[in-house]
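Observations on chain architecture
Here is what each chain is made of, one letter per residue.
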Amino acid sequence: MAEQTGTAEAERGGNAQGTVRTARRGIDAPMLLALAAVLIGWFLLDTLSMSYGALRLDFHFYQFAAIIAQPTRLLRGIDAATDLWTVPFTLLCLASLAAALLPGWLRLPGSRFGYLAPLLLMLICGGILYYETSRDTFAAVVTGNQVTNALLNLGNMMVRRAGTLVAKRINVGAGMWVSAAGALYLAWAGWRRQAAD
């Protein structure tokens, strides 16, 4: 009788071994490799690099919040004072990776969107970084003073030209390509898997 109860629980996934087996089936090896690619691309490999002569600055994805907060860090690098931005964003990166793992273990109504979390985080950060680096540096002042407006326009034009020169020196690193490939695979395989269920 004890064997029948154990067998019935194993079929329903009620015991610990049945649950572990179900969880392993939910996240297969290619998805784990894609998660590892995102993790390596975000934390170990360079996402962006800026080189100008002998100067070379490398940036990882988990440092993007500090760059978005102050795009001039692309020119001078990330220092220890940016921990205010780096630590919470690192936790957000880890949470998005955990969100990609959850649908394999839990069958919740909106869990299929967890597979999209790393890709969405990358797209949102890229869009915000593009917006922050392409907008005017000096805001226009609503005054009737033409000299002030002319100086603001001159300053914005100079910053745009300098930005064009800097943009030519910024390279997309291997971390971006590796993590983008992993995030795209996670989104595609996760969406396909959820559609099949």
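Per-chain numbering applies: the sequence of each chain, read as written, is numbered from 1 onward. Owing to the predicted nature of the model, reporting of local features is limited to residues with pLDDT of at least 70; listing and counting of side-chain atom pairs is limited to 80 or more, with chain, interface and lining totals taken over all residues. To get the side-chain values, all heavy atoms of the structure are used, and hydrogens and water are removed first.

This part takes up the packing of aromatic side chains. Any two of the Phe, Tyr and Trp rings considered here, Trp counted by its six-membered ring, make a pair once their centres fall within 6.5 Å; the pair's planes then place it as stacked at under 30 degrees, edge-to-face at over 60, or tilted in between. Scanning the model with the defined rule gives five aromatic pairs in all. Pairing W42 with F61 gives two aromatic rings, centres 4.8 Å apart and planes at 20°, and the pair type is stacked. Here W42 is found in helix α3 (residues 29-43), whereas its partner F61 is found in the loop between β2 (55-59) and α4 (64-69), with 19 residues between them in sequence. Buried residues are those whose accessible area, probed at 1.4 Å on protein chains only, stays under 20% of the maximum for their type, while exposed residues exceed 50% and partly exposed ones sit between those limits. Residue class for W42 comes out buried when judged on its relative accessible area of 0%. Chaining the aromatic ring pairs together yields one cluster made of W42, F61, F64 and F89. Counting from the N terminus, the helices are DSSP H or I runs at least four residues long and the strands are E runs at least two residues long.

The subject of this paragraph is the pattern of salt bridges. Just to be clear on terms, a salt bridge is a Lys or Arg side-chain nitrogen sitting within 4 Å of an Asp or Glu carboxyl oxygen. Using the criterion set out here, one finds one salt bridge in the structure. A salt bridge links D58 to R56; the shortest N-O distance between them is 3.2 Å. Residue class for D58 comes out partly exposed when judged on its relative accessible area of 33%.

Let us look at the side chain of R73. Within the secondary structure, R73 sits in helix α5 (residues 73-76). Counted as a polar contact is a pair of N or O atoms within 3.5 Å, where, for protein atoms, one must be capable of donating a hydrogen and the other of accepting one, and residues adjacent in sequence contribute only when both atoms are in side chains. Here the side chain of R73 touches A66 through a polar contact of 2.6 Å, landing on its backbone oxygen.

Only buried Ala, Val, Leu, Ile, Met, Phe, Trp, Tyr and Cys residues count toward a nonpolar core, and they belong to the same one when joined by side-chain atoms within 4.5 Å. Counting 33 residues, the largest nonpolar core has W42, F61, F64 and F89 as the members making the most contacts within it. For this core, the elements supplying multiple residues, two or more each, are α3, β1 (48-52), β2, α4, α6 (83-105), α7 (117-134) and α9 (174-196). Non-local contacts of F64, meaning those with residues more than four positions away in its chain, are made with T47, L48, F89, C125, L129 and M176. By definition, residues are in contact when any of their heavy atoms lie within 4.5 Å.

This paragraph deals with the sheet that holds strand β3 (residues 170-172). Paired strands are those between which DSSP finds at least two bridges. Reading across from one edge, β2-β1-β3 is the order of the three strands in this open sheet, with antiparallel pairing throughout. Every other strand in the sheet has two partners, leaving β2 and β3 as the edge strands with one partner each. The average angle at which neighbouring strand axes cross in this sheet is 20°, direction not considered. Where β1 meets β3, three bridges bridge the pair, whose relative direction is antiparallel. When the bridges of β3 are listed, S49 appears paired with N171. In this analysis, axes come from line fits to C-alpha atoms, helices being fitted only over the stretch in contact, and the angle between any two N-to-C directions falls in the range 0 to 180 degrees.

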